[in-house]
2 protein chains.
Amino acid sequence: MSKQQKPIDTLICASWTIPVTPRGEVFEDFAIAVHQGRIVDLLPESEALQRYQPDSHYTLENHALLPGLINAHGHASMSLFRGLADDLPLMEWLNDHIWPAEARWVNEAFVADGSKLAIAEMIRSGTTCFSDMYFFPEVAARVAQECGIRAQLVCPVLDFPTVWASKPEEYLEKSLKLAIEYAEHPLINVGLGPHAPYTVSDKPLINIRDIASEYDIPVQIHLHETQQEVDEALSKDQQRPLSRLAGLGLLSDDIHLQCVHMTALNEEDIAQLKGSAASVVHCPESNLKLASGFCPVQTLLDKGITVALGTDGAASNNDLDMIGEMRTAALLGKAVAQDASALSAPTALEMATLGGARALGIDDQCGTLEIGKSADIIAVDMARLNTLPSYDLISDIVYSLSSSQVAYNWIAGELKLEKGQLTELDEHALRENAISWSEKIKANK
Amino acid sequence: MSKQQKPIDTLICASWTIPVTPRGEVFEDFAIAVHQGRIVDLLPESEALQRYQPDSHYTLENHALLPGLINAHGHASMSLFRGLADDLPLMEWLNDHIWPAEARWVNEAFVADGSKLAIAEMIRSGTTCFSDMYFFPEVAARVAQECGIRAQLVCPVLDFPTVWASKPEEYLEKSLKLAIEYAEHPLINVGLGPHAPYTVSDKPLINIRDIASEYDIPVQIHLHETQQEVDEALSKDQQRPLSRLAGLGLLSDDIHLQCVHMTALNEEDIAQLKGSAASVVHCPESNLKLASGFCPVQTLLDKGITVALGTDGAASNNDLDMIGEMRTAALLGKAVAQDASALSAPTALEMATLGGARALGIDDQCGTLEIGKSADIIAVDMARLNTLPSYDLISDIVYSLSSSQVAYNWIAGELKLEKGQLTELDEHALRENAISWSEKIKANK
């Protein structure tokens, strides 16, 4: 070690580095210096080798480094229901299959095992941060913490009783307790999750607004998922769901409202979003699979509205693959805009990274590869038949890359995936456990 | 070897076998007996072990056997242009990028190298048969023959000169020569490929009809790819492109017309299709990426029209992954039909196998796992995090499977992929060759 060299934890050198900011930039033969979980430098490999003395040194030829992907909406433990009931109309799917299965099976053990399965699949496919909305969020928070993955746990709030709570006051009390418990945690955030406008009445929504504002807690809600939802609200409340939320004060500057789905939007809705701190979480594969409708993503982006990307739960997707989701978003966005130049590859990549960080209110922490941010980094192996030859690396990543090419995944500087293998989670045990759950569920169906 | 045991080439035993016919069927612990390139038996593994003495014996736990996938439309050698020009409006993409690149670079060596790269990617991702429409089809035919993959080579026909021929008569002369050369080949078929209604005038279309009818040669054409194509035809010819083809006799009982894309369809178009031997080749990812429009797949299927599936070329997709394409088709088909029960998983799987075989007129040879058909078989490894747990195997294959899980690929009984590795093609050499082409092309852009 030369006198000039500075000791650091990790140096990651790769053929290409895509920082996302600046947009469209690709650095060749760069290195990322990581120390105490943070990116401390981003520089040409040749300079890095002179300047730093790392404990761990990775040289990744033919690999591209990217910010870890952010899955901004999902129901992690529902991975245990993956494929339980497909190809069904939405209400039949919910009423006859998903809700009865949840009532029968969802408990703390289910959430612990399902969340761990989901986290393993997400780490494997390049996700470093996910948002989760499900029962027993305190269990999912504990599992996420154990796995060392960044997460936003959105605590459900509904008018009616579920396995987790009996009435809105109890949902909110448990939610606030969890939010306070994790207030200082470096990786775990807690949010409030009013399920949807049609399952939460005005009073709890007002309480949610007040708590969110007072404690600076984000709010995530399924919103305008279908035209039917909007039509029924118009008939019941004489206003659109988004207008109702606006009237209740949820579309103000100090509420980080994350509106999930947003397929049935008119100009008034978009103007309302634009004037607020709200963001949209686009879940294209779930919207397609449930025939929910089409989110006008490019129009929202043109107005300066933040759009993040989510897989939704594995029961309506049926995977948690953000690389596939990014591709679907880019492809579908063009068809919906009727413009092949809409939702370009750099835009889709930004949605899957920085867009997610902005929506979750953590873009000071992650979402790009920049000095000072957390070392949430993935490396993808580009030397495969389906990503060759290469003329435009960001195009290749969005339109041709398969999640099986994700080779490394660091979260806050900790290596979670190495050469495509999980470093900490036991894949074999997870598989056996998933099979054991499905055997129980099938036997009692 | 017991006296009762019959010697055969290959016995493939797997946890699950999905024959596609009967629709939705999943056999557990079955075996496929293969001899001289054909499926000679399909039976419970325990019986197969008593009855047959195979030269090669595969026992594939946690794997599912499926008919090989059929990619019914593409431009294989364009893999060398993968990602060359993305996120552009269709006419700018064609006029300013693809056509100039083709004029500058496409020759016999380009087609040989590009086809081989495409074939390797297709074998790797579970395709056993592909249709190709490109210049120098005699070169692509030779490469397909060398690789031992089943193929339909569609010879292009245009009004104007290209690198392959100067006028319609020359295109047709070369096409017929190739068709006659391969007339008796077990794996290679040759078809006629009028590029599109707007690039081929009536006279060559009538000649194509006559040759197709006389020699029983299939015809594949890009048709109703966009609403603009239909509008311009209405303005120029006072009729819709499909009606014009019908008027020229191409929608008759004795012409195997394969209509590619078909996004802009009205009731009259669908009625015309229904009354003919024509089939539709749906390319959902290309249609999305080029913002071409939406093909009403479930409506076509409801009318009994054969629908096959294609990736289109890697310049407008940007991969040749039929497992991804099947998933996109199933997801998009629901959104387009506004019905979550449309385009079910078994329907999507049928489109990607039997549908393709029917469209290409080879369903007596392949498309299902049935006794007497060619042993075009793939095995997919279901024991991965993204396909567990399992409640419905066909759902898992359509909605959760990644093409990286394709482990084995047999074409006419010959093993082309084993444990995810190409058995004959040299992946390293293919990668180096692809990079060398892109370096030349980039240097001269």
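Chains are numbered independently. Their residues run from 1 in the order of the written sequence. Going through the entries in the order they are written, you letter the chains from A and number the ligands from 1. Residue-level local features of this predicted model are given only where pLDDT is at least 70; pairs of side-chain atoms are given and counted only at 80 or more, and the full residue set underlies all totals for whole chains, interfaces and linings. By convention in this description, side-chain values take in all heavy atoms of the structure and omit both hydrogens and water.

1. Here's the deal with the pairing of strand S10 (residues 257-261) of chain A
Residues and elements named next belong to chain A.
Right, so step 1: For each residue, the accessible area found with a 1.4 Å probe, counting protein chains only, is set against the maximum for its type, and the residue is called buried under 20%, exposed over 50%, and partly exposed in between. Going along the chain from the N terminus, every DSSP run of H or I of four or more residues is numbered as a helix, and every run of E of two or more is numbered as a strand. Along S10, five of the five residues are buried, which leaves the element largely enclosed by surrounding structure.
Right, so step 2: At least two DSSP bridges between two strands are required for those strands to pair. With five bridges joining them, strand S9 (residues 219-223) and S10 adopt parallel strand pairing. Of the residues in S10, the one forming a bridge with Ile221 is Cys259.
Right, so step 3: Bridge count between S10 and strand S11 (residues 279-282): three bridges; the pairing is parallel.

2. Description of the interface of chain A and chain B
How big an interface is tends to be expressed through the accessible area that disappears when the partners come together.
Right, so step 1: We call two residues in contact whenever any of their non-hydrogen atoms come within 4.5 Å of each other. Every contact between the two is made by 61 residues of chain A and, on the other side, 60 residues of chain B.
Right, so step 2: Here the quantity called buried area is the accessible surface, traced with a 1.4 Å probe, that two parts lose on coming together, added over both. Approximately 4800 Å² of surface area, both sides summed, lies buried where chain A meets chain B, with 63% of it carried by carbon and sulfur atoms.
Right, so step 3: Taken as a group, Asp87, Leu385 and Tyr391 of chain A account for 19% of the area that chain A buries against chain B, more than any other trio of residues on that side.
Right, so step 4: The term salt bridge refers to a side-chain nitrogen of Lys or Arg lying within 4 Å of a carboxyl oxygen of Asp or Glu. The interface formed by chain A and chain B contains six salt bridges.
Right, so step 5: Taking the shortest distance from any N to any O, the salt bridge between Lys334 of chain B and Asp87 of chain A comes out at 2.9 Å.
Right, so step 6: Each polar contact in these results corresponds to two N or O atoms within 3.5 Å; when the atoms are within protein, one needs to be able to donate a hydrogen and the other to accept it, and residues that are neighboring in sequence are counted only if both atoms are side-chain atoms. The interface formed by chain A and chain B contains 30 residue pairs in polar contact (both at pLDDT 80 or more).
Right, so step 7: Elements that contribute at least two residues to the side of chain A that touches chain B include exactly helix H3 (108-124), helix H10 (284-289), helix H12 (322-337), helix H13 (345-359), helix H14 (393-400) and helix H15 (427-443) of chain A.
Right, so step 8: Tallied by class, residues from the side of chain A that touches chain B come to 30 nonpolar, 15 polar and 16 charged. Note that Gly is not counted as nonpolar here; it falls among the polar residues with everything else outside the nonpolar set of Ala, Val, Leu, Ile, Met, Phe, Trp, Tyr, Cys and Pro and the charged set of Asp, Glu, Lys and Arg.

3. Quick notes on the nonpolar core
Right, so step 1: Only buried Ala, Val, Leu, Ile, Met, Phe, Trp, Tyr and Cys residues count toward a nonpolar core, and they belong to the same one when joined by side-chain atoms within 4.5 Å. The biggest cluster of nonpolar side chains holds 251 residues, and the ones touching the most others in it are Phe81 and Phe110 of chain A together with Phe81 and Phe110 of chain B.
Right, so step 2: Setting aside its immediate chain neighbours within four residues, Phe81 of chain B contacts Tyr391 of chain A together with Ala101, Glu102, Trp105, Val106, Phe110, Tyr134, Ala315 and Ile441 of chain B.

4. A look at the state of the cysteines
All names here are of chain B.
Right, so step 1: A pair of cysteine sulfur atoms is labelled a disulfide when the two atoms are within 2.5 Å. Enumeration over the complete set of coordinates arrives at zero disulfides over all chains.
Right, so step 2: Here Cys155 is not disulfide-linked; the sulfur of Cys129 is the nearest cysteine sulfur, at 15 Å.
Right, so step 3: The exposure class assigned to Cys155 is buried, which follows from its relative accessible area of 0%.

5. Considering the pattern of salt bridges
Right, so step 1: Using the criterion set out here, one finds 40 salt bridges over all chains in the structure.
Right, so step 2: The residue Arg384 of chain A makes a salt bridge to Asp381 of chain A at a minimum N-O spacing of 3.5 Å.
Right, so step 3: Judged by relative accessible area, Arg384 of chain A falls into the partly exposed class, the value being 27%.
Right, so step 4: Judged by relative accessible area, which is 16%, Asp381 of chain A ranks as buried.
Right, so step 5: Across the salt bridge formed by Arg51 of chain B and Glu47 of chain B, the nearest N and O atoms sit 3.4 Å from each other. Placement of both Arg51 of chain B and Glu47 of chain B in helix H1 (residues 45-51) is noted, with a separation of four residues, approximately one turn of the helix.

6. Some remarks on the environment of Pro204 of chain B
Residue and element names in this part refer to chain B.
Right, so step 1: Among the structural elements, Pro204 can be located in helix H6 (residues 202-215).
Right, so step 2: You can call Pro204 buried: its relative accessible area is 6%.
Right, so step 3: C-alpha of Pro204 to C-alpha of Gly275: the two residues are 71 residues apart in sequence and 24 Å apart in space.
Right, so step 4: When residues no more than four places from it in sequence are discounted, the contact partners of Pro204 are Asp159, Pro168 and Leu172.

7. Some remarks on the packing of aromatic side chains
Residue and element names in this part refer to chain A.
Right, so step 1: Within 6.5 Å between ring centres, the rings of Phe, Tyr and Trp (the latter by its six-membered ring) count as paired, and their orientation is classed by plane angle as stacked under 30 degrees, edge-to-face over 60, tilted in between. According to the stated counting rule, one finds 17 aromatic pairs over all chains in the structure shown.
Right, so step 2: The interplanar angle of 85 degrees and the centroid separation of 5.3 Å between the aromatic rings of Phe110 and Trp437 together place this pair among those described as edge-to-face. Within this pair, whereas Phe110 is found in helix H3, its partner Trp437 is found in helix H15, the two being separated by 327 residues in sequence.
Right, so step 3: Looking at Phe110, the relative accessible area reads 0%, which means it is buried.

8. Some details on the domain arrangement of chain A
Residue and element names in this part refer to chain A.
Right, so step 1: The start and end points of each domain follow an automatic or database-based domain assignment. With domains assigned, chain A is organised as domain 1 (6-67 + 374-422) and domain 2 (69-360).
Right, so step 2: Here domain 1 and domain 2 have C-alpha centroids that lie 29 Å from each other.
Right, so step 3: Contact residues are listed per partner, giving 29 residues for domain 1 and 30 residues for domain 2.
Right, so step 4: At the boundary of domain 1 with domain 2, total buried surface from both sides reaches about 2300 Å², with 64% on carbon and sulfur atoms.
Right, so step 5: Of all residues in domain 1, Arg23, Val398 and Tyr399 give up the largest surface area on contact with domain 2, accounting jointly for 27% of the area buried on that side.
Right, so step 6: Our count for the contact surface shared by domain 1 and domain 2 stands at two salt bridges.
Right, so step 7: A salt bridge links Glu350 to Arg23, with the shortest nitrogen-to-oxygen separation between them at 3.4 Å.
Right, so step 8: Where domain 1 touches domain 2, the interface holds 14 residue pairs in polar contact (both at pLDDT 80 or more).
Right, so step 9: Of the residues assigned to the side of domain 1 that touches domain 2, the class counts are 17 nonpolar, nine polar and three charged.

9. Here's the deal with the side chain of Thr353 of chain B
Right, so step 1: By the secondary structure assignment, Thr353 of chain B is in helix H13 (residues 345-359).
Right, so step 2: Not counting the four nearest positions on each side in its chain, Thr353 of chain B is found in contact with Val20, Pro67, Gly68, Leu69, Ile70 and Gly367 of chain B.

10. Things to note about the sheet that holds strand S15 (residues 414-418) of chain B
Residues and elements named next belong to chain B.
Right, so step 1: Read from one edge of the open sheet, eight strands run S3-S2-S1-S4-S13-S14-S15-S16, paired in mixed fashion. Only two strands of the sheet have a single partner each, and these edge strands are strand S3 (38-44) and strand S16 (421-422).
Right, so step 2: The sheet contact formed by strand S14 (residues 406-411) and S15 spans three bridges and is antiparallel. Directly across from Trp410, in S15, lies its bridge partner Leu415.

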